[in-house]
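Coordinate analysis (summary)
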Amino acid sequence: DTEVTQTPKHLVMGMTNKKSLKCEQHMGHRAMYWYKQKAKKPPELMFVYSYEKLSINESVPSRFSPECPNSSLLNLHLHALQPEDSALYLCASSQLGKDTEAFFGQGTRLTVV
Amino acid sequence: GQSLEQPSEVTAVEGAIVQINCTYQTSGFYGLSWYQQHDGGAPTFLSYNALDGLEETGRFSSFLSRSDSYGYLLLQELQMKDSASYFCAAVAAGNKLTFGGGTRVLVKP
């Protein structure tokens, strides 16, 4: 199984809503990532989890709150988002170490209205 | 910080060869990865260079020169399905993977 599964595929939420994005992998990878991608732009790193602990936060606003309940799951909790937060949110995983081949999920296309 | 530069767009015909260059400035650099992303799809890993030299994987090859902070992806025998965006990505300490701006490759018949 070389898949990273993200749910939901699409999400429309209001600026006062609270929602969560979910990501799951069963490859035994101990590094998991959240990326944000705007149209025609590269993925931008948001968070890195190593061994279920947050290791990198790229100065992401607190309205985005990551959580790693176990080695297979990664969540991104969303609260009080702005329309400019509308983007494709990608989850990825990889083996820890220098030789990094990251596996990406298909993403959640988020629209904030 | 991390900075990777690559051309924004390349157009070529089927059967041709395309080289996508990537120059980088990163701290704690471990290696250079390449990813392909079709419109509406997820980035897909193509190759990784930790050491100087050429890595060949089928029609795609990747090269790294650490002394020049430079790498490239070579696409040979271009096919229509190779039309996509290609990203170089620097692997750095902390499992930090940072992407270049992406090169959109358009393959014409």
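Use the structure listed above.
Basis of the calculations
Residues numbered from 1 in each chain as written. Chains lettered and ligands numbered in written order. Predicted model: local features only at pLDDT ≥ 70, side-chain atom pairs only at ≥ 80, totals over all residues. Heavy atoms only, no water. Helix = DSSP H or I, 4+ residues; strand = E, 2+ residues; numbered from the N terminus. Buried < 20%, exposed > 50% of the residue type's maximum accessible area, 1.4 Å probe, protein only. Contact = heavy atoms within 4.5 Å. Pairing = 2+ DSSP bridges. Axes fitted to C-alpha atoms, helices over the stretch in contact; angles between N-to-C directions. Disulfide = S-S within 2.5 Å. Buried area = accessible area lost by both parts, 1.4 Å probe. Salt bridge = Lys/Arg side-chain N within 4 Å of Asp/Glu carboxyl O. Polar contact = N/O pair within 3.5 Å; in protein donor to acceptor, adjacent residues only side chain to side chain. Nonpolar A, V, L, I, M, F, W, Y, C, P; charged D, E, K, R; others polar.

Before going further, it helps to spend a moment on the environment of Leu54 of chain A. Residues and elements named next belong to chain A. Along the chain, the position of Leu54 falls in strand 6 (residues 53-57). Its relative accessible area of 41% is what places Leu54 among the partly exposed residues. The sequence separation of Leu54 and Pro43 amounts to 11 residues, and the corresponding C-alpha distance is 19 Å. Residues contacting Leu54, with those up to four places away along its chain left out, are Phe47, Val48, Tyr49 and Pro66.

All names here are of chain B. Bridge analysis of strand 6 (residues 53-57) against strand 7 (residues 60-65) gives five bridges, and the strand direction is antiparallel. When the sheet's bridge partners are listed, Gly53 is paired in strand 7 with Leu64. The turn linking strand 6 back onto strand 7 is made up of two residues, and Gly58 within it adopts a positive phi angle of 65°.

Let us look at the sheet that holds strand 3 (residues 18-25) of chain A. All names here are of chain A. Ordered in space as 1-3-8-7, the four strands form an open sheet in which the pairing is antiparallel. For this open sheet the edge positions go to strand 1 (4-7) and strand 7 (64-70), each flanked by a neighbour on one side alone. Along the sheet, successive strands turn relative to each other by an average axial angle of 20°, direction set aside.

Moving on to the state of the cysteines. One pass over the structure, following the stated rule, counts two disulfides over all chains. One disulfide in the model links Cys23 of chain A with Cys91 of chain A; its S-S distance is 1.8 Å. Judged by the torsion about the S-S bond (-70°), the Cys23 of chain A/Cys91 of chain A disulfide is left-handed. Of the two residues, Cys23 of chain A sits in strand 3 while Cys91 of chain A sits in strand 9 (residues 87-94), which places them 68 residues apart along the sequence. Like Cys91 of chain A, Cys23 of chain A is buried. Disulfide pairing is shown between Cys22 of chain B and Cys88 of chain B; the S-S distance is 2.1 Å. On the sign convention where negative means left-handed, the S-S torsion of about 75° between Cys22 of chain B and Cys88 of chain B marks this disulfide as right-handed. Here the residue Cys22 of chain B occupies a position in strand 3 (residues 18-26), and Cys88 of chain B occupies one in strand 9 (residues 84-92), the gap between them amounting to 66 residues. As a non-bridged cysteine, Cys68 of chain A has Cys91 of chain A as the owner of its nearest cysteine sulfur, 9.1 Å distant.

Once that is clear, we can look at the interface of chain A and chain B. Opposite the 25 residues of chain A that make contact, chain B presents 20 residues. With both sides pooled, the region where chain A packs onto chain B buries about 1,700 Å², and carbon together with sulfur makes up 56% of that total. Counting every contact that joins chain A to chain B gives one salt bridge. Scanning the region where chain A abuts chain B turns up four residue pairs in polar contact (both at pLDDT 80 or more). Secondary structure elements with two or more residues in the side of chain A that touches chain B: strand 4 (31-37), strand 5 (44-50), strand 6 and strand 9 of chain A. With four residues, strand 4 of chain A is the single largest residue contributor to the side of chain A that touches chain B. Considered class by class, the residues forming the side of chain A that touches chain B number 12 nonpolar, eight polar and five charged.

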